[in-house]
Structures are given as structure tokens and as C-alpha cells.
Amino acid sequence: MEHSHEFQNIFNQTPETQAYAHGRVNLLGEHTDYNDGYVLPIAIPQKTTVQLGFSLDEQHHIYSQELNEKITIFRNNQPSGFASYIFGCIELLQQAGYQIPSLNLYIKSSIPIGSGLSSSAALEVATLRGIRQLLNLPINDVEIAQFAQQAEINYAGVQCGIMDQMASSLADTQHMLFLDTRTLARQILSFPALAEILIIHSGCDRTLAGSKYNQRRSECQQAAHLLGVKALRDIDDVATVEILPEPLHRRARHVVTENHRVLDAVEIIEDLQDNSASRFGELMNASHASLRNDYEVSVPALDTLVDILQNASGVFGAKLTGAGFGGACVALVASGAGKNIAATVLDEYSHAGYKGKVLVPE
Ligand code: GLA
């Protein structure tokens, strides 16, 4: 097994098995998943790898290479930080009736934490895959995503939807995953022709992501309640939300229009039209405007970066990705042009006083 000496150095044994899971970038359908709506993510090359062995004492031991930190979990004692995601996965498997022995886990990841590229979902999915492999558990990839989402909600305190975990468990880096988060029906779609992805970190860490995220979620629930529907996904005509008070009106307008943008994008891809990349890009631009004005999850650094990207030649469209409040932006750009566009954009971004970093292409 590749890199097993690192595990050996920490735990003084060879690992039994290893598993990995990719991060994701969401192209359209932001903040729609906890409204039972539609999303369109794709996996990114960056991934998290978990190596596992059996612990010789009664505790779980976890080592994170990035944080250079070793944590011991005394059984049933919830740890804080990155280990809480792993603890959550183990607890949920046990609650589902699986006997989980004490484990040694070595974590290694190339997904930047707090970038909006789902490092936590990848950690959860890689951990669950690793345990499934080690113990031969009869759980499928959708169940892995569901356990991972519950770990995030119940043990990390973020009332997230299921997009990140489904993307990490089911998407690949070459196709978009069109997911209906209510039914979990999904379709693998080809990427817009003659285009590639560019992802740039704004250099601004996500702040308030957890608390504001949960606030947005409860605003959507209130809006759905006032409109008499189960979830905002059930609203098709955007005029319906006009009766809501502010800010619920704008929050609901974002969700309703964002769901339409995902469905429009799917239609564009299925039509196989020559200009699919530019039409897809326009939808991404509209998504960012809606996230900024109606949903209010952007910050000045993200708006500056998106603005520079949208005006750069060779860019079809750009938006923030993930929860917002900092992290990365994603752009759809002409095939093969990503690296050059990134250099020009980063230069202009630094003149605006910020320091960004290209994450994809690597
Ligand atoms: C985070 C959450 C997802 C989703 C996005 C916003 O990544 O984990 O469930 O809500 O924000 O689209």
C-alpha cells in the first residue's frame, strides 16, 4: 500500500486497508439542497485518504497529517475539531447496529480546509468507505452519503443538506452529478463542450459560515411554512414569494430562481448546443448575483474575485461555490485556457489588495 510507512511511523503497525474520497465544487444549485431542491456538483482532483488499522487498546487513535495532530478518542467521549467528524461516523454506524472495534486512523488530505470544497464531507466519506472495506459492511454509496450527512449535522453542528456528501460519494471528476435532493434521483451529465473548470481560493477564510448557514436554513423553513409548502422546492412560480416579508422574500426568491437555473442548465447540456458553455456560464453569473443580493452569503473578496473572473477573456461565467462567506470561486473557462486565465486574474486580484490561490487546474 502506498505511503504505508507513514502509518507505520505513527502507529507502529502496518495499515489493514485504505480508502479515499474527493472534494467537490458546485457549479449551480447553491443553498437549494436543504430546500429539497436541485444541485449540480462535480468532483475535484483533490482528495482525502484514510488508512486504517485495529487499535490494540480500547480507544480510537486518529492522526491528521495536515494538522500534525494525534487525537485519542476515549470511547463515547465526543472530541472536538476534525476528529468529531470521524467520531460521528463511528457512532452512527454503531447506532445502526454495526460493531465497530477500536481503530487507528491516519488522515491525509489535499483539499484545503474552509475553502468551500467539502473537505469535511470527503473526510466523512473516506472514513466510512474505509470502515466499510475493513469490516465488509453491507452499506451502499447512498447510505454512506446519508451517514456522512448525519455525522455533520449531529456531531459537527452544521445543519447541512446532502449535496456535499452525495457528491463526494457518487460524483467523478469528469462528469456533473445532477441530483434531486428530495428523491435522491440522479443523473450523470457530460461537462459543457469546449470548457473546463477554474477554481481560485479568494484567500479569505470562511467566517460565520456555521452560524449564518443555520440562520439561512431556518429562514427558508419559515418561508416554506408561511407559503404552506413542505419545502421551497415546491414553489415553481417566483411571483408566489412576493407576499413574504423581508428578508424571507429575497431568501425564497434565491432558492426558487436557483432551482430554475439548475434545470435550465441541464436542458442546455441535454440539447448539446454549440454555445452550451456560454449559456451555462450566464446561469453561473446569475447565480452569483442572486447569492450576493438575495441570499446575502457573499463577502467583498468573493465579489471582487468573481467580478474580475467574469470580465476576463475566455471566461464563460463565475460564482462563489459552497456555503459562501469566504472560500473559493469557480469559473467555467475555455478548454485549456485555465492556467493562463488564472495568472491574469490573480494579478488583477492582487492589485485590488487580495491574495488568491489557484486550486484547479492543479
Ligand atoms: C455547504 C453545505 C451544503 C450546501 C452548500 C450550499 O457546502 O454543506 O449542504 O447547502 O453549503 O449550496
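Treat the numbers as computed from the prediction; the structure is a model and nothing was measured.

Procedures and definitions
- Residues numbered from 1 in each chain as written.
- Predicted model: local features only at pLDDT ≥ 70, side-chain atom pairs only at ≥ 80, totals over all residues.
- Heavy atoms only, no water.
- Helix = DSSP H or I, 4+ residues; strand = E, 2+ residues; numbered from the N terminus.
- Buried < 20%, exposed > 50% of the residue type's maximum accessible area, 1.4 Å probe, protein only.
- Contact = heavy atoms within 4.5 Å.
- Axes fitted to C-alpha atoms, helices over the stretch in contact; angles between N-to-C directions.
- Left-handed = near helix turned anticlockwise from the far one by under 90°.
- Nonpolar A, V, L, I, M, F, W, Y, C, P; charged D, E, K, R; others polar.
- Salt bridge = Lys/Arg side-chain N within 4 Å of Asp/Glu carboxyl O.
- Parallel < 35°, antiparallel > 145°, perpendicular 65-115°, else oblique.
- Polar contact = N/O pair within 3.5 Å; in protein donor to acceptor, adjacent residues only side chain to side chain.
- Domains from an automatic or database assignment.
- Buried area = accessible area lost by both parts, 1.4 Å probe.
- Pairing = 2+ DSSP bridges.
- Patch = residues over 30% accessible without salt bridge, like charges linked within 9 Å, V, L, I, M, F, W, Y side chains within 5 Å.
- Areas by Shrake-Rupley, 256 points an atom, 1.4 Å probe, with all protein chains shown as cover.
- Lys, Arg positive; Asp, Glu negative; His and termini not counted.
- Charge placed at Lys NZ, Arg CZ, Asp CG, Glu CD.

**So, the side chain of threonine 49**
Part 1: With respect to the helices and strands, the residue threonine 49 is situated in strand 3 (residues 41–54).
Part 2: We classify threonine 49 as buried; its relative accessible area is 18%.
Part 3: With residues near it in sequence (within four places) discarded, threonine 49 still touches Gln18, Ala19, Tyr20, Tyr106, Ile107 and Lys108.

**A closer look at the packing of helix 2 (residues 83–95) against helix 4 (residues 141–155)**
Part 1: With their axes 8 Å apart at the nearest point, helix 2 and helix 4 run at an angle of 115° to one another. As for how helix 2 packs across helix 4, the hand of that crossing is right-handed. Contact residues: helix 2 offers Ser84, Tyr85, Phe87, Gly88, Cys89, Glu91, Leu92, Leu93 and Gln95, while helix 4 offers Phe147, Gln150, Ala151, Glu152 and Tyr155.
Part 2: Classifying every residue of the contact of helix 2 with helix 4 gives eight nonpolar, four polar and two charged.

**A closer look at the pattern of salt bridges**
Proximity of charged atoms lets side chains of opposite charge pair with each other.
Part 1: Scanning the entire structure with this criterion turns up 15 salt bridges.
Part 2: Here glutamate 296 ties to arginine 251 by a salt bridge, and the two come within 3.0 Å at their closest N and O atoms. Taken as a pair, glutamate 296 in the loop between helix 8 (276–293) and helix 9 (300–311) and arginine 251 in helix 7 (residues 248–271) lie far apart in primary sequence, 45 residues in all.
Part 3: With a shortest N-O distance of 2.8 Å, arginine 261 and glutamate 258 are connected by a salt bridge. Here arginine 261 pairs with glutamate 258, and both are found in helix 7, just three residues apart, close to one helical turn.
Part 4: When its relative accessible area of 9% is taken as the criterion, arginine 261 is described as buried.

**Description of the packing of helix 7 against helix 8**
Part 1: Close contact between helix 7 and helix 8 brings their axes to 10 Å; oriented N to C, the two are set at 170°. As far as their axial angle goes, helix 8 and helix 7 are roughly antiparallel. Here helix 7 contributes Arg250, His254, Thr257, Glu258, Arg261, Asp264, Ala265, Ile268 and Ile269 to the contact with helix 8, which in turn contributes Ser276, Arg279, Phe280, Leu283, Ala286, Ser287, Ser290, Leu291 and Asn293.
Part 2: Across the contact of helix 7 with helix 8, the residue classes break down as seven nonpolar, six polar and five charged.

**Quick look at the environment of serine 298**
Part 1: Its place among the elements puts serine 298 in the loop between helix 8 and helix 9.
Part 2: Through-space distance from the C-alpha of serine 298 to that of leucine 248 is 17 Å; in sequence the pair is 50 residues apart.
Part 3: Beyond its immediate stretch of four places on either side in the chain, serine 298 contacts His288, Leu291, Arg292, Asp303 and Leu320.
Part 4: Reaching out from serine 298, the side chain makes a polar contact with the side chain of aspartate 303 at a distance of 2.7 Å.

**A closer look at the domain arrangement of the protein**
Part 1: Taken domain by domain, the protein comprises domain 1 (4–187) and domain 2 (192–360).
Part 2: On a C-alpha basis, the centres of domain 1 and domain 2 stand 25 Å from each other.
Part 3: Facing 36 residues of domain 1, the contacting portion of domain 2 comprises 43 residues.
Part 4: Between domain 1 and domain 2 the total buried area reaches about 3,200 Å² when both faces are included, carbon and sulfur atoms providing 62% of it.
Part 5: When the buried surface of domain 1 facing domain 2 is broken down by residue, Leu28, Glu30 and His31 rank first, second and third, together holding 20% of it.
Part 6: Run the count over domain 1 and domain 2 and you get four salt bridges.

**Overview of the sheet that holds strand 10 (residues 315–320)**
Part 1: Spatial ordering of the open sheet is given by 10-11-9-12, a layout of four strands whose pairing is antiparallel. In this open sheet, the two edge strands, each paired with only one partner strand, are strand 10 and strand 12 (357–360). In this sheet, neighbouring strand axes are inclined to one another by 25° on average, regardless of whether the strands run parallel or antiparallel.
Part 2: Across three bridges, strand 9 (residues 195–201) lies against strand 12 in antiparallel orientation. Its bridge partner lying in strand 12, histidine 201 is registered against lysine 357.
Part 3: Seen against the sheet, helix 8 touches strand 9, strand 10 and strand 11 (328–334) and runs at an angle of roughly 25° to strand 10.
Part 4: Of the strands in this sheet, strand 9, strand 10, strand 11 and strand 12 touch helix 10 (residues 338–351), which is tilted by about 35° from strand 9.

**Digging into a negative patch on the surface**
Part 1: On the surface, Asp264, Glu267, Glu270 and Asp271 cluster together into a patch of negative charge.
Part 2: Tracing the sequence through the fold places aspartate 271 in helix 7.
Part 3: On the accessibility criterion, aspartate 271 (41% relative accessible area) is partly exposed.

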